[in-house]
Amino acid sequence: MSDALMAPTYGEVSELRRQFRQLYSGGVTMDYLFAAVAPTGAQLEAWLATDANLAAYQRLISTAVGASAVCSSAAVVAAVVGSATALACLRDSDTGRAALLNSKTAMTAVLANATAAGALLASSAARGALYDHETAWGLLVASANGRNAISALAVEHTNGATALVMPPGVAVATRVVLVQQKISAAGPTSHAGAGADTYSTTSTAYVDRYVRVAGVGHRTTSAAGASQIRYLIV
């Protein structure tokens, strides 16, 4: 009988399963994370303190199948959010980060936690990926924790000229988040945008924007008051 038509033996099936688990979970990682009762964040953090476990977890999230499995399970994501090491590894892995941004379950859990939201935005690679990901960006700016994490990284720039001026470090193609905008004194108008007066305000208190504006610049309509913005270069 042809080998292709012969049913595999129990031993062969077991070996295939072992190889699959080795490939995608680094041995025991899948069993640990997807146990009947998922670990807590503190338990996962302690588990990852062992070099072998950390390496196994990193192998798991370096594969599309493994990273997607982690990010699609609410219980596992809750543990990852509660573990600074697990979340940082997921954030800093290209494959893990993509799975995170593509999972509403994972993004919702991260943004529900102020510390986790801040940790996600602390990475320039993650900020860039979020900037370019329409759905994940929408979730980010719809979340108070997400907006606070952006705001914590923002810097201020003042322009007292009536000509549009880009802040230091910003060029036409620079990806920027316009976080907030105001005018320093009542009367004039602050305008901001990418080479245009897209966003305008006469408020002397900061107005929230949280919009993506490549090459943002801003200006005032009168020397009686300076335009001020808070922005974040991605």
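Above this text sits the structure in question.
Predicted model only: the values in this text are computed from it and were never measured. (Residues numbered from 1 in each chain as written. Predicted model: local features only at pLDDT ≥ 70, side-chain atom pairs only at ≥ 80, totals over all residues. Heavy atoms only, no water.)

1. What to know about the sheet that holds strand 1 (residues 155-159)
For the record, the criterion: Pairing between strands requires that DSSP locate at least two bridges from one strand to the other. Counting from the N terminus, the helices are the DSSP runs of H or I reaching at least four residues and the strands are the DSSP runs of E reaching at least two. An axis is simply a line fitted to the C-alpha atoms; with a helix, the fit covers only the stretch in contact. Between two such axes, the angle follows the N-to-C directions and lies from 0 to 180 degrees.
Across the sheet, which stays open at both edges, the four strands sit in the order 1-7-2-5 with antiparallel pairing between neighbours. The open sheet is flanked by strand 1 and strand 5 (207-212), the only strands paired with a single partner. Shown here is a sheet whose adjacent strand axes are inclined to one another by a mean of 25°, direction ignored. Note that strand 2 (residues 176-183) and strand 7 (residues 227-233) share seven bridges and pair antiparallel. Pairing of Val177 across the sheet is with Leu232, part of strand 7.

2. A closer look at helix 10 (residues 114-121)
Residues spaced three or four apart along an α-helix face the same direction, because each turn holds 3.6 residues. Stated formally: Note on exposure labels: buried denotes an accessible area under 20% of the residue type's maximum, exposed denotes more than 50%, and partly exposed covers the range between, all computed with a 1.4 Å probe on protein chains only. The arc in question is formed by the directions pointing from the helix axis toward the C-beta atoms. N or O atoms within 3.5 Å of each other form a polar contact, as long as, within protein, one can give a hydrogen and the other can take it, and as long as residues adjacent in sequence are counted only when both atoms are side-chain atoms.
By the burial criterion, the buried members of helix 10 are Ala116, Ala117, Leu120 and Leu121. Looking down the long axis of helix 10, one finds its buried residues gathered within 135° of arc, a one-sided arrangement. Of the exposed residues in helix 10, those oriented more than 90 degrees away from the buried face are Ala114 and Thr115. The backbone nitrogen of Thr115 lies 3.0 Å from a side-chain oxygen of the residue at the head of helix 10, namely Asn113.

3. Topic: the packing of aromatic side chains
Which entries qualify depends on this criterion: Pairing of aromatic rings covers Phe, Tyr and Trp, the last through its six-membered ring, and needs centres within 6.5 Å; plane angles under 30 degrees mean stacked, over 60 mean edge-to-face, and all others mean tilted.
Taken as a whole and assessed by the stated rule, the structure comprises two aromatic pairs. A centroid spacing of 4.3 Å and a plane angle of 5° characterise the contact between Tyr32 and Trp47, whose relative ring orientation is stacked. In this pair, Tyr32 sits in helix 2 (residues 29-33) while Trp47 sits in helix 3 (residues 41-47), placing the two residues 15 residues apart along the sequence. Summarising the aromatic geometry, the rings of Tyr131 and Trp137 are spaced 6.1 Å apart at their centres and angled 65° between planes, so their arrangement reads as edge-to-face. Considered together, Tyr131 and Trp137 belong to a single accessibility category, that of buried residues.

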